[in-house]
Amino acid sequence: MWDDAFPSFLIGLREGLEGGLIVSILVASLVRAGAKSRLAQVWTGVLAAIALALSFGAVLTFTAASLSATAQEAFGGALSVIAVAFVTGMVFWMRRSARSLSGEIKEKVTGALAMGSGMLIVTSFLAVGREGLETALFLWTTARAAGESAGPMIGAGIGLVIAAGLCWGLYRRVLKINLTRFFTATGAVLIVIAAGVLGYGLRDLQEGGVLPGKTAFAFDLSQSVDPSAWYSTLVQGVLNLTPAMTWVQAGAYVAYLAVVMTLFVRGVRSSAAKPAEQKSAEQKPVAEAAVAQSASEEGARAGGEPAAEGAEQPAAAPQSAPVRSAAPRKRPGWLLPTAVVAVPAVIAGGIVAFGRSKPADAQTVSVSEKECGKGFTAPKPGRQTFQMHNTGDKTSEVYLVDPASNAVYGEIEGLAPGTTRDLVATVAGGSYAWRCVPTGGKPVTSAAVRVTGGGAARAVVPVSEDDLAGPLRQYKQYVDQGLGTLVSQTQQLSDDIAGGDLDSARTDWLTAHRTYSSLGAAYGTFQDFDKKINGRADGLPAGVHDKDFNGFHKIEYGLWHGQSADELSGPAKQLNSDVVGLKKAFPAQDFDPGDLPLRTHEILENTLQFELTGDTDEGSGTNLATADANLSGTRELLGVLRPLITKRDPQLLATIDGDIDRLQKLLDGAHHDSTWTPVDKLDATVRARLNGTTGQLLEHLAPVPDLLEIRKSA
């Protein structure tokens, strides 16, 4: 999380200090002009700018969430590129403007005082609003790149708090900072970070089908680089560099860094080469001097002491006198600030509520048994939005397909009667048709249209029940053989306990439990038998002493908590009896072929939730042995599904295999002869790596169920 926080911390610190300096100069200028009564107008504009930035962030979040997966990639990639452009402009602008910032702001304040309160609000709003919008966009981009919002938000919060403290110190004249050097140093770091954001954004555009070259990798180190290692996390979190990058990403990263950093360094050198007399005048930035001087004058007035000798007197006071002498309008003091702050929020709410208008070129296509594809005409190549309207009386699935191969370009599930939803897909040269699959009805395929021109469009070759029949048969055979082994192992465990040999029972308990765990018993695979054989104490009224607590974990608790052989004999016999019952029932159990791809994700999801938290450890300290067995079960599942996955996404399997190898090495490191390191005894770094590697493996396994989803065809 802290690696993800650094880029946002830096942007929060820079933007916060930049915006804070502007506010400080605004306040100081009003104080020097004898117009302290107008400070409320400055704060109204500042609050309005903050509200605008927060509303902008909310609109970005909502817009992304309402898009399809591929559209989210394209949207996020485009905004990442825009964010890089804004950050680059900000870096160069602040490098040039640090010395003249105070003079520019004071000129605007003087003009605003003469034009009335509304212009003063607008001046402060515009001065701070740009920093707020830039910050919101960059935070949204970095949070998307990190895959979580906690780290970036914490980093930005810390940066803004520190920036506020620095601005206060400058204003009160207790700090002296060379702002030119500060913005130069942080600007160089931000350029490096922005290069990584650019690469990440271009990858999103490739994933979204906007840019080509998605599978053309310049390098792929995923097999040799551990993504959970501290150095990998640091590089990926701070610089957005990943073990595998395409030629487009790598080329853009190098080009941006070379060009922008060269221009930035040249600009710094040219500034340093100014005449000596100008440099001496600029060693203390004008912005800092103005703020500090104004703070000193304000403090002197507040304390009843005369201003420092030579201090500038409020020359603007006569200018603002007519404004103060004008008859005030009778309105509540809170009305204007509330209205100004509420406007951005109302606008954002309107965008959220009504912003999903129909694109100008979007086709409305009917979905039903009788009108499937009505309104569909040959679209132009490229990214297209189709408004799918269910005109029938049944909830339906709808697919955009190649009628020759049944390859799927886009889909919507659960489209209710009378409702309309957007389907976004990339269209290239080829044939396209709509397939409507009403609940309880027969699939219907529309007439095909031909599209000419365009590049390539990614499609998923559908999987049928027949495709999964072979892998399912292989997996059931694997489980059936494993259950045969398990019957003999639980019988041996029962015999050990009956004979009073509890030391052997502990060894045989672990052997049998690992065998059971390797069979993929997750999310009800074995129906009610799983609760009997491997039930947990969680949720039972009396916990480990509850009468319904039984199976492996019941025996584990007794073996490692000093219970006698007589106390454990009954549960051991019952465990063996339940395993025998499962062995007999399994061949006749109903196993949906579509559930087979789900198991590739579910087994390790259980592992992350229960084994790697130590939640299922009843005293043996062997949760990592169970995790190891679960990984073996996942590997077996991937083995029978490998031909189907390879046909659809070979790169995905390579990534998954690398993750599995790294996780296996971590688990092997916790295995010492016949013992395993308990989860709660793991080194904090090792445990974090174990959780991180498992989480990354789960992330890469997540597309498998969608890739191998059974889709109905006509």
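Preceding block: the structure.
Keep in mind that what you see is a predicted model, and the values were worked out from it rather than measured.

*Asks:* Please explain a nonpolar patch on the surface as it appears in this structure.
*Replies:* Together, Leu47, Ile50 and Leu54 line one region of the surface with nonpolar side chains, adding up to about 300 Å² of accessible area. Residue placement: leucine 54 occurs in helix α2 (residues 39-65). Owing to a relative accessible area of 62%, leucine 54 belongs among the exposed residues under this scheme.

*Asks:* Hey, could you run me through the pattern of salt bridges in this one?
*Replies:* Once their charged atoms are close, side chains differing in charge can pair, the charge on each being opposite to the other. On inspection of all chains with the given rule, the structure shows eleven salt bridges. Here lysine 374 makes a salt bridge to glutamate 371, at a shortest N to O gap of 3.6 Å. Between arginine 514 and aspartate 628 there is a salt bridge; the shortest N-O distance is 3.1 Å. Placement of the pair is arginine 514 in helix α15 (residues 502-517) and aspartate 628 in helix α20 (residues 623-648), with a sequence separation of 114 residues. A single salt-bridge network, built from bridges that share partners, covers Arg536, Asp538 and Asp615.

*Asks:* Would you take a moment to explain the nonpolar core for this structure?
*Replies:* A general feature of soluble globular proteins is that nonpolar side chains tend to end up buried together. Among the nonpolar cores identified, the biggest contains 63 residues, and Ile497 and Leu624 are the most heavily contacted of them. Once you skip the residues sitting within four places of it in the chain, isoleucine 497 turns out to touch Leu502, Ala505, Ile555, Ala565, Leu568, Ser569 and Ala572. Val87, Trp140, Ala194 and Leu205 belong to the second largest nonpolar core, which has 29 residues in total.

*Asks:* Looking at this model, I keep getting lost on a negative patch on the surface. Mind explaining?
*Replies:* Side chains of Glu465, Asp466, Asp467, Asp590 and Asp592 sit close together on the surface and give a patch of like negative charge. Within the fold, glutamate 465 resides in helix α14 (residues 465-498). What makes glutamate 465 exposed here is its relative accessible area of 51%.

*Asks:* Help me understand the sheet that holds strand β4 (residues 382-390), please; the structure alone is not making it clear to me.
*Replies:* Within a sheet, neighbouring strands are paired by backbone hydrogen bonds and run either parallel or antiparallel to one another. Read from one edge to the other, the open sheet built from three strands follows the order β3-β4-β7, with strand pairing classed as mixed. Only two strands of the sheet have a single partner each, and these edge strands are β3 (363-367) and β7 (420-427). Going across the sheet, the axis of each strand differs from the next one's by a mean of 35 degrees, ignoring polarity. Sheet analysis places β3 next to β4, joined by five bridges and oriented parallel. Along β4, the bridge assignment pairs threonine 364 with glutamine 387.

*Asks:* What should I look at first to understand the state of the cysteines in this one?
*Replies:* As used here, a disulfide is simply a covalent bond connecting the sulfur atoms of two cysteines. The full count for this structure, using the stated rule, is one disulfide. Across the disulfide from cysteine 372 sits cysteine 436; the S-S distance is 2.1 Å. Between cysteine 372 and cysteine 436, the S-S torsion sits near 85 degrees, and that sign places the bridge as right-handed. Here cysteine 372 is found in the loop between β3 and β4, whereas its partner cysteine 436 is found in strand β8 (residues 430-438), with 64 residues between them in sequence. Looking at cysteine 372, the relative accessible area reads 11%, which means it is buried. We classify cysteine 436 as buried; its relative accessible area is 0%.

*Asks:* Please clarify how the environment of threonine 607 should be interpreted in this entry.
*Replies:* Structurally, threonine 607 can be placed in helix α19 (residues 595-611). Separated by 16 residues in sequence, threonine 607 and asparagine 623 have C-alpha atoms that sit 9.0 Å apart. Setting aside residues no more than four positions away along its own chain, threonine 607 makes contact with Leu612, Ala627 and Asn630. Looking at threonine 607, its side chain comes within polar contact range of the main-chain oxygen of isoleucine 603, at 3.0 Å. A polar contact is formed between the side chain of threonine 607 and the side chain of asparagine 630, at a distance of 2.8 Å.

What counts, and where the lines are drawn
- Residues numbered from 1 in each chain as written.
- Predicted model: local features only at pLDDT ≥ 70, side-chain atom pairs only at ≥ 80, totals over all residues.
- Heavy atoms only, no water.
- Patch = residues over 30% accessible without salt bridge, like charges linked within 9 Å, V, L, I, M, F, W, Y side chains within 5 Å.
- Areas by Shrake-Rupley, 256 points an atom, 1.4 Å probe, with all protein chains shown as cover.
- Salt bridge = Lys/Arg side-chain N within 4 Å of Asp/Glu carboxyl O.
- Helix = DSSP H or I, 4+ residues; strand = E, 2+ residues; numbered from the N terminus.
- Buried < 20%, exposed > 50% of the residue type's maximum accessible area, 1.4 Å probe, protein only.
- Core = buried A, V, L, I, M, F, W, Y, C linked by side-chain atoms within 4.5 Å.
- Contact = heavy atoms within 4.5 Å.
- Lys, Arg positive; Asp, Glu negative; His and termini not counted.
- Charge placed at Lys NZ, Arg CZ, Asp CG, Glu CD.
- Pairing = 2+ DSSP bridges.
- Axes fitted to C-alpha atoms, helices over the stretch in contact; angles between N-to-C directions.
- Disulfide = S-S within 2.5 Å.
- Polar contact = N/O pair within 3.5 Å; in protein donor to acceptor, adjacent residues only side chain to side chain.

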